[in-house]
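What follows is each chain in one-letter form.
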There are 2 protein chains.
Amino acid sequence: MCRVALDVMGGDHAPHATLEGAGIALAAHDDLHLLLVGDETVLKSLMASYGIKGELAARAEIVHASSVVTMEDKATCILKDKKDSSIRVAAQLVRDGRADGIVSMGHTGAAMVASKMVLGTLPGVDRPCLASAMPNMKGRPTILLDVGANVDSKPEHIAQFALMGALYAEEVLGIKRPKVGILSVGEEDGKGTDTTKNAAQMLKQLDVNFGGNAEGRDIWNGNFDVIACDGFVGNVVLKSSEALAEGILFGLRDAIMQTWISKMGGLLAKPAMRKFMKKLDYVEYGGAPLLGVKGVSIIGHGRSNGRAVASAIRAALRGCEHHVVVRIQDSLAVLLSQTTASGTGERE
Amino acid sequence: MCRVALDVMGGDHAPHATLEGAGIALAAHDDLHLLLVGDETVLKSLMASYGIKGELAARAEIVHASSVVTMEDKATCILKDKKDSSIRVAAQLVRDGRADGIVSMGHTGAAMVASKMVLGTLPGVDRPCLASAMPNMKGRPTILLDVGANVDSKPEHIAQFALMGALYAEEVLGIKRPKVGILSVGEEDGKGTDTTKNAAQMLKQLDVNFGGNAEGRDIWNGNFDVIACDGFVGNVVLKSSEALAEGILFGLRDAIMQTWISKMGGLLAKPAMRKFMKKLDYVEYGGAPLLGVKGVSIIGHGRSNGRAVASAIRAALRGCEHHVVVRIQDSLAVLLSQTTASGTGERE
């Protein structure tokens, strides 16, 4: 039985989308025990209408939290003003051993702060990192990390990101011996910054399937399973890609709606287009794991619907089942001992 | 009369696409004088078949170059082994005052080296930068620079990129008082690296319409006209975006071709979809200018067809007409005097 704490109050469509997702996930996974964190009165009154009753309700436990972090709040509010917020209470459940992982669709920054400060980071992890599954053109996910805007990463950070990403890809996404790359401006070893080159040197000495430098296009072509980078470039690429994909799809839709003939064509082609667009859909990939903290932490998109919430819960469940946290901790211990032994090349 | 030297031998479809583009450009612009640089025999035999005859031929002059840089060559080959290559000869025409600008669809690295080393950089420019016009969702271009993979930019480099991009946007693309941003991981002033924050400080003191930090999504939503960044992140974003857009469009096409019904729908919707896709097409935007060198230098996509070549020539022509190089030189002199006076904040 895996115990996941869900921040029911977080997200644009909370608590409805989160409860809907909770219902779907409970029905799909017998071994899931959910801790629903949020306003007790609200949750009690809504649970049943999202199918959480009978056997499912027996595996769903309400944990009261009296406030919620809003988009106007600062990420650090959970440390002082909003200690009773649903995301912080959820994190505390993991810290106190009552849950194995947390899932939140709320304020990304607050969820990251809660995970880092309340759960704490694993030994040897300087920076937890946010990993995003980018749907590549081979119909599989490519893990890009860090996308969490940690800037000025050092080589050992990027090597850590790569290692954590590889473990996540293998254990949670089921990709056998994932091919790992370091994001750079050219395939050749000599291309990139001192940071990326030193990170590559470190990875060559580790037991990962390291494929060298990845370029921007490799995020989408499926040539790599895991691509590690500094959080600045990862964040920019993630936000840019979301906007570009959305712009193309909306733009095409608008263009098709301009004339009756094309509208009719669009109608006929719709099921096929839908099927393809589903491949690109973040809903399928279940949120972004924050790797390197003492517990499974999945941060979902604010816009998540019920299906996306259920995917995020599934990701947390798999992370718990596969003991991803312990495995990352063990692998990092090896990395740490190797890099301490050999000395690290830093940028400055 | 503006004199543009065209590297006729450079590009995947050279010399056919380049000559076709030359013909289109000569017909469209009375004030264009083209220097066609390449194998004299080849050019003489092909020119007429691309419409370069009569009055147009009078404004087209062949300049012989006995070799061409291939994709297998190193960028620096033009300095030693391939001094007689078409791209280097074209650059020499500008250096020698016989042309005002160069256009090449060939080896990007070689074109950059030729521009930097043969033309030379403007006083005060540490790093020439490659600017790419990204087609935004408002149907206009957003200039992103540097995309030329110059890594580890200092604040003054990024400020220079921003300034040069703004001048280019105003003079060549006709955008009045373009809104300039610095690419970062959040809108707020405090977000980003020391480098981006210091670059922002520098821009605030200059006579540009500075809009603060831009995020990844702002490359596409049209909120900024010019976005400056380090060449590492610019290059990654450019390559990633090209691959993503292509992947979506090919993926949609493949999905539509799966069934007869959707195929029929695709056929009906095709003209509308085409019209939209044209907006995204690099062909329309005429290549990437390399800014900061002593002369107009436009570097086009290797895959350019005749229309794209003509667009690139048009961009060079506008650059010449609007004295972009002199204007950049003057503006940089102001920046240089200001930053020398105030001291620059560097990352290290």
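Asks: With reference to specific residues and values, describe the overall build of chain A.
Replies: A count of helices and strands for chain A gives 12 helices and 11 strands. Against the compact-globule benchmark of 20 Å for 348 residues, chain A has a radius of gyration of 21 Å, which places it among compact chains. Across chain A, contacts joining residues at least 24 apart in sequence account for 74% of those joining residues at least 6 apart. When the accessible area of chain A is evaluated, it comes to approximately 13800 Å², of which 52% is carbon and sulfur surface. Across chain A, the centroid of the 38 positively charged side chains sits 4 Å from that of the 39 negatively charged ones.

Asks: Would you mind going over helix α1 (residues 16–28) of chain B in detail, with residue names and values included?
Replies: All names here are of chain B. In this model α1 runs 18 Å from its N-terminal to its C-terminal C-alpha over 13 residues, within 8% of the 18 Å that 1.5 Å per residue would give. Considered for burial, the residues of α1 that qualify are Ala 17, Thr 18, Leu 19, Gly 21, Ala 22, Gly 23, Ala 25 and Leu 26. Summarising the contacts, the buried residues of α1 are in contact with β1 (2–7), β2 (32–38), α2 (40–46), α3 (55–58), β3 (60–64) and α11 (306–321).

Asks: Give me the lowdown on the packing of aromatic side chains, citing residues and values where you can.
Replies: A complete count under the given rule lists 0 aromatic pairs over all chains for this structure. Its guanidinium or amino end placed over the ring of A:Trp260, A:Lys263 lies 4.3 Å from that ring's centre, counting from NZ or CZ.

Asks: Please provide a residue-by-residue account of the sheet that holds β3(B), values included.
Replies: All names here are of chain B. Strand order in the open sheet formed by 11 strands is β3-β2-β1-β4-β11-β10-β5-β6-β9-β7-β8, with mixed pairing between adjacent strands. Every interior strand has two partners, whereas the edge strands, β3 and β8 (209–214), have only one. With direction set aside, neighbouring strand axes in the sheet form an average angle of 25°. Pairing geometry for β2 and β3, over 5 bridges, is parallel. Looking at β3, one finds that Val 37 is bridged to Val 63. Packed on one face of the sheet, α1 meets β1, β2 and β3 and runs near 170° to β2.

Asks: Explain the nonpolar core to me, using residue names and the numbers behind them.
Replies: A:Ile248 and B:Ile248 are the most contacted members of the largest nonpolar core, which totals 116 residues. The residues touching A:Ile248, leaving out its near neighbours within four places in the chain, are B:Met137, B:Ala245, B:Ile248, B:Leu249, B:Phe276 and B:Leu280.

Asks: Outline the side chain of B:Ser86, supporting the account with residue identities and numerical values.
Replies: Tracing the backbone through its elements, the reader meets B:Ser86 in helix α4 (residues 86–95). With sequence-adjacent residues up to four places away left out, B:Ser86 is seen in contact with B:Asp7, B:Met9, B:Val37, B:Gly38, B:Ala65, B:Ser67 and B:Val68.

Asks: Account for the relation of the copies chain A and chain B, naming residues and giving values.
Replies: Once chain A is rotated about the relating axis by 180° and shifted along it by 0.0 Å, it coincides with chain B to within an RMSD of 0.0 Å. Within this description, the copies of the chain are treated as partners about a two-fold rotation axis. Nearest to the rotation axis, the C-alpha of A:Gly265 is located 1.8 Å from it, this being the minimum over chain A. An overlap of 100% is found between the interface residues of chain A and their copies at the interface of chain B, pointing to a shared contact surface.

Asks: Any details on the interface of chain A and chain B? Residues and values, ideally.
Replies: Interfaces are often sized by the amount of accessible area the parts lose when they come together. In this complex, chain A contributes 49 residues to the contact, which on the side of chain B involves 49 residues. Looking only at chain A, the three residues that lose the most surface to chain B are A:Val185, A:Phe232 and A:Leu244, adding up to 15% of its buried area. Counting every contact that joins chain A to chain B gives 2 salt bridges. Across the pair A:Lys239 and B:Glu215 runs a salt bridge whose closest N-O atoms are separated by 2.3 Å. The interface formed by chain A and chain B holds 6 residue pairs in polar contact (both at pLDDT 80 or more) in total. Secondary structure elements with two or more residues in the side of chain A that touches chain B: α7 (194–204), α8 (218–221), α9 (231–256) and α10 (260–279) of chain A. With 19 residues, the single largest contributor to the side of chain A that touches chain B is α9(A). For the side of chain A that touches chain B, a count of residues per class yields 27 nonpolar, 15 polar and 7 charged.

Asks: Give me the sheet that holds strand β4 (residues 101–104) of chain A: which residues, what numbers.
Replies: All names here are of chain A. Spatially, β3-β2-β1-β4-β11-β10-β5-β6-β9-β7-β8 is the arrangement adopted by the 11 strands of the open sheet, whose pairing is mixed. The two strands at the open ends of the sheet, each matched to only one other strand, are β3 (60–64) and β8 (209–214). Between one strand axis and the next, the sheet turns by 25° as a mean value, whatever way the strands run. Examined bridge by bridge, strand β10 (residues 288–291) and strand β11 (residues 296–299) share 2 bridges and lie antiparallel to one another. Residue pairing for β11: Pro 289 is matched across the bridge by Ile 298.

Asks: Talk me through the pattern of salt bridges; I want residue IDs and the actual numbers.
Replies: As enumerated under the stated definition, the model contains 32 salt bridges over all chains in all. A:Glu187 is the salt-bridge partner of A:Arg217, the closest N and O atoms lying 3.8 Å from each other. Of this pair, A:Arg217 sits in the loop between β8 and α8 while A:Glu187 sits in the loop between β7 (179–183) and α7, and the two are 30 residues apart along the sequence. With a closest N to O distance of 3.0 Å, B:Arg95 and B:Asp96 form a salt bridge. Owing to a relative accessible area of 44%, B:Arg95 belongs among the partly exposed residues under this scheme.

What counts, and where the lines are drawn
- The written sequence of each chain sets the order in which its residues are numbered from 1.
- Chain letters start at A and ligand numbers start at 1, both assigned in the order the entries are written.
- Only residues with pLDDT of 70 or above have their local features reported here, since the model is predicted, and side-chain atom pairs are shown and tallied only from 80 upward, although totals for entire chains, interfaces and linings are computed over all residues.
- Water and hydrogen atoms were dropped before computing side-chain values, which therefore reflect all heavy atoms in the structure.
- Per the convention used, a helix needs a DSSP run of H or I reaching at least four residues, while a strand needs a run of E reaching at least two, with both numbered from the N terminus.
- Just to be clear, the radius of gyration here is over C-alpha atoms, and the globule rule we use is 2.2 Å times residues to the power 0.38.
- We call two residues in contact whenever any of their non-hydrogen atoms come within 4.5 Å of each other.
- The accessible surface values rely on the Shrake-Rupley method and a 1.4 Å probe; as for residues, cover is taken only from the protein chains in view.
- In this tally Asp and Glu are treated as negative and Lys and Arg as positive; neither His nor the chain ends contributes.
- In plain terms, the charge of a residue is placed at NZ if it is Lys, CZ if Arg, CG if Asp and CD if Glu.
- Given the number of residues in a helix, its expected span is that number minus one, multiplied by 1.5 Å.
- Throughout, exposure labels follow a simple rule: accessible area from a 1.4 Å probe, protein chains only, divided by the maximum for the residue type, with under 20% read as buried, over 50% as exposed, and the rest as partly exposed.
- Two rings from Phe, Tyr or Trp (for Trp, the six-membered ring) form a pair when their centres are within 6.5 Å of each other. A pair whose planes differ by under 30 degrees is stacked, one over 60 is edge-to-face, and the rest are tilted.
- We call a charge positioned over a ring when the NZ of a Lys or the CZ of an Arg lies within 6 Å of the ring centre and within 35 degrees of the ring normal.
- A pair of strands counts as paired when DSSP detects no fewer than two bridges linking them.
- Throughout, an axis means a line fitted to C-alpha atoms (over the contacting stretch in the case of helices), and angles, computed between N-to-C directions, take values from 0 to 180 degrees.
- Within this scheme, the nonpolar core is defined by two criteria: the residues are buried Ala, Val, Leu, Ile, Met, Phe, Trp, Tyr or Cys, and they are joined through side-chain atoms within 4.5 Å.
- Each copy is superposed on the other by least squares, with the fit set by C-alpha atoms of residues at a pLDDT of at least 70 in both.
- Buried area is a sum: the accessible area each of two parts loses on coming together, probed at 1.4 Å, counted once for each and added.
- The term salt bridge refers to a side-chain nitrogen of Lys or Arg lying within 4 Å of a carboxyl oxygen of Asp or Glu.
- Here a polar contact is recorded for every N or O atom pair within 3.5 Å, except that within protein the pair must consist of a potential hydrogen donor and a potential acceptor, and residues adjacent in sequence are included only if both atoms are side-chain atoms.
- Gly is put with the polar residues, along with every residue not named as nonpolar or charged; the nonpolar set is Ala, Val, Leu, Ile, Met, Phe, Trp, Tyr, Cys and Pro, and the charged set is Asp, Glu, Lys and Arg.

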